[in-house]
Structures are given as C-alpha cells and as structure tokens.
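This is what each chain is made of:
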Amino acid sequence: MLPRLRYYLTTGAGMEAQGGSVGAGGSASGGGAYLKGKGETQLQMDRTLLKKRISACMKQLEEVRKVRARQRDRHNSLGLPIVSLVGYTNAGKSTLMNALAQNTEVKAKDRLFETLDPTRRSVTWPGGRTVMLADTVGFIQRLPEQLVAGFRATLEEVVETDLILHVVDVSSPTAAQQIASVLKTLKRLPHFKPSTPQIMVYNKIDKLEGGKAEELEQSLSYPHPGIIGHVQVSALQGIGFTALAEAIEDTLIKHTDFGANRLKLLIPYADSALYSQMKSGDQQVKINFEEPTSDGYLMEVTASPTAARMLKDFEVSEEDFELISSM
Ligand SMILES: Nc1nc2c(ncn2[C@@H]2O[C@H](COP(=O)(O)OP(=O)(O)OP(=O)(O)O)[C@@H](O)[C@H]2O)c(=O)[nH]1
Ligand SMILES: [Mg+2]
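Residue numbers restart at each chain and count upward from 1, following the sequence in its written direction. A letter from A marks each chain and a number from 1 marks each ligand, given out in the order of writing. Reporting in this predicted model follows two pLDDT cut-offs: at least 70 for local features of residues, and 80 or more for side-chain atom pairs to be given and counted; totals over whole chains, interfaces and linings ignore these cut-offs and use all residues. Excluded from the side-chain calculations are hydrogens and water; all other atoms, namely the structure's heavy atoms, are used.

Let us look at the packing of aromatic side chains. The relative placement of two aromatic rings is captured by the distance of their centres and the angle of their planes. Put simply, two rings from Phe, Tyr or Trp (the six-membered ring, in Trp's case) pair if the centres are within 6.5 Å, and we call them stacked under 30 degrees between planes, edge-to-face over 60, tilted for the rest. With the rule as written, the count across this model stands at three aromatic pairs. Plain terms: the ring middles of tyrosine 269 and tyrosine 297 are 4.9 Å apart, the flat faces sit at 75 degrees to each other, and that makes the pair edge-to-face. Of this pair, tyrosine 269 sits in the loop between β7 (261-267) and α10 (272-279) while tyrosine 297 sits in strand β9 (residues 296-303), and the two are 28 residues apart along the sequence. A ring pair is formed by tyrosine 275 and tyrosine 297, whose centres lie 3.6 Å apart and whose planes are at 5 degrees; its orientation type is stacked. Taken as a pair, tyrosine 275 in helix α10 and tyrosine 297 in strand β9 lie far apart in primary sequence, 22 residues in all. Both residues of the pair, tyrosine 275 and tyrosine 297, belong to the buried class. Elements are defined by DSSP. Helices are runs of H or I of four residues or more, strands are runs of E of two residues or more, and each kind is numbered from the N terminus. Exposure is judged per residue with a 1.4 Å probe applied to protein chains only, and the accessible area is read against the type maximum: over 50% gives exposed, under 20% gives buried, and values in between give partly exposed.

Take a look at the structure:
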C-alpha cells in the first residue's frame, strides 16, 4: 500500500486524470475559473489525505521494523540460521513458506505487493535442524526510485540472512529477466554481502510438461558468486521438498557457520580411511583447518550433528590443539 501511495503522490498519477483534466478543459471553455478552482481544491484535499495516509503507513512500518529488530535479537540469541525467501512477485514465496511451515497464516494471493510485511516461521527438518524461514516482499522490475527506499526497508533482513532461497516462477515466460532483476536489486541493497549463499528454487514445475524443467533450468542458469545450488519444486503440490531441505542443510553446513559443531580433531595416520572419507567432500563435514603433525592430522572442522557424534573419539581440547600445533 505504502509504495503505491507514494507513487501517486510523487507522480500525481491517477489524480491528474481526475481533477487536472477538469481544470484544463474548463479554462479553455471560458467557464474555467470555477471548475479549475474546484478541481485544484479537490486535488489538494486528495494530496493532504494521501500525505496523512503515508505518514500513518510510515509509522506502521517503523513499528514493524522495531518488532522485527526485537525478534531478530531473540532469534539470533537462539542461534537459529535465518533462511530468507526472496524472488520476483508472484513467484510463490509465501506459498512455499506456508507449505514448508505447514502454517496457513502467511497470506498467499495472486496479487502484487501482497507481502509487505516479511514474516517468519521456524521449521524443523526431519534431520533435526531448526531454521528460521523469512518471507519477503516480491521484487518487481523498474521500480520507481521513490519506491525503492520503501522496499529496501522491508528487505533489511535479507542483509543479515544466512541463506537465500531465490524462488523463481519457471512457468513465467519472463523468468530469466525476473532472475536478473532480483539479483540486481539484491546487489543494490546497502550492506548486502554478495557471497551470501543462494539456492535457486525453480518453482511451479507442475505447470510444465515433462522434461521441460531441465531445459528451462539450463537456460536460466545465471553466473553469480552466491548461487551454489538449484532445486526444482512445486510449492503447491509439495514436489521436491526433500531435495530442498537437503540442499538447505548441505549449504548451511558447507557455506555458513551453522554446521552446528566446530570440532578440533587429531586423526591418527592409522585411521586413513576416515581421513579420506572426510576429504572426499562428504557433505557432513567441512574442513576449516588442517595440518599434518607427528601424531596425525590436526584439524578443525564444522560437522553435522551426526558426523560430530562419530568424530567424538578424535576430539582434542583447545589446549592440546595449541600444544600439538606448536610442536
Ligand atoms: N501451479 C502452481 N501455482 C503456484 C505454485 N506456487 C505458488 N503458486 C501460485 O502462485 C500465486 C502466487 O503465489 P504467492 O505465494 O502469493 O507468491 P509470492 O511470491 O509470495 O508473491 P508476492 O508476495 O507478491 O511477492 C498464487 O496464486 C499461488 O497459488 C506452484 O508450485 N504451482
Ligand atoms: Mg508473498
């Protein structure tokens, strides 16, 4: 609502057609003074009213931001990874979020700007990890400059997000342009880290004929530093959710600090099979540091809860780690 009001106020769009045309036509016909005056008064009243509504909306937005900041603090203190759903308007973000959270509170409607208030839901995957999903407002192309600020405000959280799910409506003929537009908007967000991991979520595959999704995916592939994976889903029909959950888990382990467990290990040379398995790019373990020592491989790793349990016997204390590495 707010961006639309702002748009009317700055361009006069809509109202010019109402009041302005009466004045213009009136002055040419001689009886213009009365009509013109009336038109202008009406226009002024409209503008005053709009200004009041904008100011009310701004207050609401400020309130939303404050609440959000408080929530953010709480979530951060809980240490939950924040996974934001971003994408072009109508891509199916809210539908996907609802389906994943099995919660019908978030509105999903076939309308522009339906989601001006980003919403959060915590979701626990079957593997046991809980993440915080954050829905955001849909992006649109060629956003008037005055609106960009308003949209940015609602997207502040994307800057702090641990992982982005970039939702795409693959059934749209302009999907490629929409992706480019979203990436551009993200890049322009102040303080946005381009390296924030991003999973492309190709949504609405139920609307495509068999095999068409792969074809489309090829044509949509977009070189971008943050994009590290892609999944095909149908938010509406619940297709591809397992693969999506796995991709999220995998990304959190490999590309963020949310691998749950940072462990310091000493793997004896005799356990070379274990060492090879860890080096094989196994998605359960990310090696942050490694050094061969006289007793074995000294490592610092981020591991999934399952892997951490398996590696428990090889754990060394902080002091031992320092001692061995200094020898
Ligand atoms: N066929 C099909 N329709 C879908 C799918 N996902 C979402 N939709 C429909 O697409 C429309 C838009 O969905 P939303 O979830 O509101 O989209 P959004 O990305 O949140 O939109 P904004 O909040 O405006 O940015 C709705 O009519 C959904 O029912 C899908 O997987 N398949
Ligand atoms: Mg939405």
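Attention now goes to the sheet that holds β9. Any two strands with at least two DSSP bridges between them are considered paired. Within the open sheet, the three strands sit side by side as β7-β9-β8. Their pairing is antiparallel. Edge positions in the sheet fall to β7 and β8 (285-293), since each of these pairs with one other strand and no more. Direction aside, the axes of adjacent strands within the sheet are offset by 15 degrees on average. When β7 meets β9, the two strands line up antiparallel, connected through seven bridges. Residue lysine 264 lies in a different strand from β9, and its bridge partner there is glutamate 300. Contacts are residue-level and defined by heavy atoms, with any inter-residue pair within 4.5 Å sufficient. Inter-axis angles, ranging from 0 to 180 degrees, are taken between N-to-C directions of lines fitted to C-alpha atoms, where helices are fitted over the stretch in contact. Against the sheet, helix α12 (residues 318-326) engages β7, β8 and β9, with an angle of about 135 degrees to β9.

A few words on the environment of threonine 256. Among the secondary structure elements, threonine 256 is positioned in the loop between α9 (241-255) and β7. Here threonine 256 is in contact with Asp162, Pro197, Thr251 and Lys286, once residues within four sequence places are set aside.

Let's shift gears to unusual backbone geometry. Non-glycine residue asparagine 90 carries a positive phi angle of around 75 degrees. Its location among the elements puts asparagine 90 in the loop between β1 (82-87) and α4 (93-101). Look at lysine 204: it is not a glycine, yet its phi comes out positive at around 70 degrees. Looking at the secondary structure, you find lysine 204 in the loop between β5 (198-203) and α8 (212-220).

Take helix α7 (residues 175-188) next. Counted at 1.5 Å a residue, the expected span for α7 with its 14 residues is 20 Å, and the 20 Å between its end C-alpha atoms agrees. Taken residue by residue, α7 has Ala175, Gln178, Ile179, Ser181, Val182, Leu183 and Leu186 as its buried positions. The inward-facing, buried residues of α7 contact β1, α6 (156-159), β4 (163-169), β5, α8 and β6 (227-232). By this rule the span expected of a helix is its residue count minus one, scaled by 1.5 Å.

Attention shifts here to the pattern of salt bridges. By salt bridge we mean one thing: a side-chain nitrogen of Lys or Arg within 4 Å of a carboxyl oxygen of Asp or Glu. Enumeration according to the criterion identifies four salt bridges in this entry. Between lysine 204 and aspartate 169 there is a salt bridge, with the nearest N and O atoms lying 3.3 Å from each other. Residue lysine 204 is located in the loop between β5 and α8, and its partner aspartate 169 is located in strand β4; the two are separated by 35 residues in the primary sequence. Across the pair, exposure class does not vary: lysine 204 and aspartate 169 are buried alike. Lysine 264 is the salt-bridge partner of glutamate 318, the closest N and O atoms lying 3.8 Å from each other. Note that glutamate 318 is positioned in helix α12 and lysine 264 in strand β7, a separation of 54 residues in sequence. Of the residues examined, glutamate 318 reaches a relative accessible area of 45% and is grouped as partly exposed. A single salt-bridge network, built from bridges that share partners, covers Lys264, Glu300 and Glu318.

Any link to function would need more than the numbers given here.
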